[in-house]
Amino acid sequence: MMRVLLAEDDPMIGASVRRGLAQDGFAVDWVADGRAAQAALAERVHDALVLDLGLPRQAGLDVLTAMRRAGDTRPVLITTARDAIADRVAGLDAGADDYLVKPFDLDELAARLRALLRRGAGRAAPKIAYGALELDPAAREVRLGGAPVEVSPREFALLAALLARPGAILSRAQLEDKLYGWDESVESNTVEVHIHALRKKLGPDVIRNVRGVGWMIAKAGTSEATR
Ligand code: CA
């Protein structure tokens, strides 16, 4: 699951965007002003930012400029009013990756975010393939050796997080960050439960447990990792 920071001061737009993205499988944290957005960005837990340019306390354009100046390359999609062409141009020139004009369609926002996250991960292809395993983020489908595997949204999110960095060990805290927004509580053994379910479905060799450290997708051709 991709974790998105939403910076939007309009309560109705914010609530509907958060709900829509959550239904599309994103974990969403919502802040309503520019300073809160900057504080949240400093935590470095989000995969992308949806940024209203007209924010109180600190303008969206200033948030974006500060972010890029600090070397933060995470994808940013700006949202603006229909007549604010100059704002959109300034936003794109300040380092935004994409924009939508209000009111926008939530399915389109979700699709654009997936495209940005794909590009951010250096992939042009919409599907993630690794060995016999294939993930389709848009359809949220998993295939193993071509055969479909039923997984829950959280299981899918865990698998996607691990597959984004094959060979890297992700700790429980890192995986929890991928799974939950701020307002969702995490039960202490949840990651283990989902990993256990995934290993039952995919076989024990796809996800390696590195004892006391975390989990990883073994790089193709390596088998020395502990289970
Ligand atoms: Ca606004």
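Everything discussed here concerns the structure shown above.
My aim in this report is to walk through the structure given alongside it, one point at a time. (Residues numbered from 1 in each chain as written. Predicted model: local features only at pLDDT ≥ 70, side-chain atom pairs only at ≥ 80, totals over all residues. Heavy atoms only, no water.)

What follows covers the side chain of aspartate 98. Relative to the elements of secondary structure, aspartate 98 occurs in strand β5 (residues 98-101). Accessibility expressed as a relative area gives 14% for aspartate 98, which makes it buried. Among the polar contacts listed, one links the side chain of aspartate 98 to the side chain of arginine 112, at a separation of 2.9 Å. Not counting residues up to four positions away in its chain, the partners in contact with aspartate 98 are Val76, Leu77, Ile78, Leu92, Arg112 and Leu116. (Helix = DSSP H or I, 4+ residues; strand = E, 2+ residues; numbered from the N terminus. Buried < 20%, exposed > 50% of the residue type's maximum accessible area, 1.4 Å probe, protein only. Polar contact = N/O pair within 3.5 Å; in protein donor to acceptor, adjacent residues only side chain to side chain. Contact = heavy atoms within 4.5 Å.)

A few words on the layout of surface pockets. If you roll a probe as big as a water molecule over the atoms, it shows you where there is empty space left. Roughly 750 Å³ of internal volume is contained in the largest pocket. Lining the largest pocket are 26 residues, with Met2, His46, Asp47, Leu117 and Lys178 positioned closest to its centre. Secondary structure elements with two or more residues in the lining of the largest pocket: α5 (106-120), α6 (153-163) and α7 (172-179). Ranked by residue count, the leading element in the lining of the largest pocket is α5, at four residues. Its residues assigned to classes, the lining of the largest pocket comprises 13 nonpolar, four polar and nine charged. As a volume, the second largest pocket reaches approximately 320 Å³. Among the elements of the structure, α5 and α6 are those that each provide at least two residues to the lining of the second largest pocket. For the lining of the second largest pocket, the residue count by class is 12 nonpolar, one polar and six charged. (1 Å grid on protein atoms, 1.4 Å probe; cavity = no way out; pocket = protein on both sides within 12 Å on 5 of 7 lines; lining within 4 Å. Points joined across faces, edges and corners; volume = space filled by probe spheres on them. Nonpolar A, V, L, I, M, F, W, Y, C, P; charged D, E, K, R; others polar.)

All right, on to the side chain of arginine 208 then. Turning to its location among the elements, arginine 208 is positioned in strand β10 (residues 207-210). An unpaired buried charge is present at arginine 208: no salt bridge exists, and aspartate 205, the closest side chain of opposite charge, is 4.7 Å distant. Within the local environment of arginine 208, its side chain forms a polar contact with the backbone oxygen of aspartate 205, the two atoms lying 3.2 Å apart. (Lys, Arg positive; Asp, Glu negative; His and termini not counted. Salt bridge = Lys/Arg side-chain N within 4 Å of Asp/Glu carboxyl O.)

Further remarks concern the packing of α6 against helix α8 (residues 190-202). For the pair α6 and α8, the least separation of the axes is 10 Å and the interaxial angle reads 85°. Here α6 lies roughly perpendicular to α8, going by the angle between them. Only Val191, His194, Ile195, Ala197, Leu198, Lys201 and Leu202 of α8 make contact with α6, whose side of the interface consists of Arg154, Glu155, Leu158, Leu159 and Leu162. (Axes fitted to C-alpha atoms, helices over the stretch in contact; angles between N-to-C directions. Parallel < 35°, antiparallel > 145°, perpendicular 65-115°, else oblique.)

On to the sheet that holds β5, then. The five strands are arranged β2-β1-β3-β4-β5 in an open sheet whose pairing can be described as parallel. The sheet is open, and its two borders are formed by β2 (27-31) and β5, each paired with just one other strand. Along the sheet, successive strands turn relative to each other by an average axial angle of 20°, direction set aside. As paired elements, strand β4 (residues 76-80) and β5 share four bridges and run parallel to each other. Within β5, the residue paired with threonine 80 across the bridge is valine 101. The sheet strands contacting helix α2 (residues 34-42) are β1 (3-7), β2 and β3 (48-52), and the helix crosses β1 at an angle near 160°. Along the sheet face, α5 touches β1, β3, β4 and β5 and points at about 175° away from the line of β5. (Pairing = 2+ DSSP bridges.)

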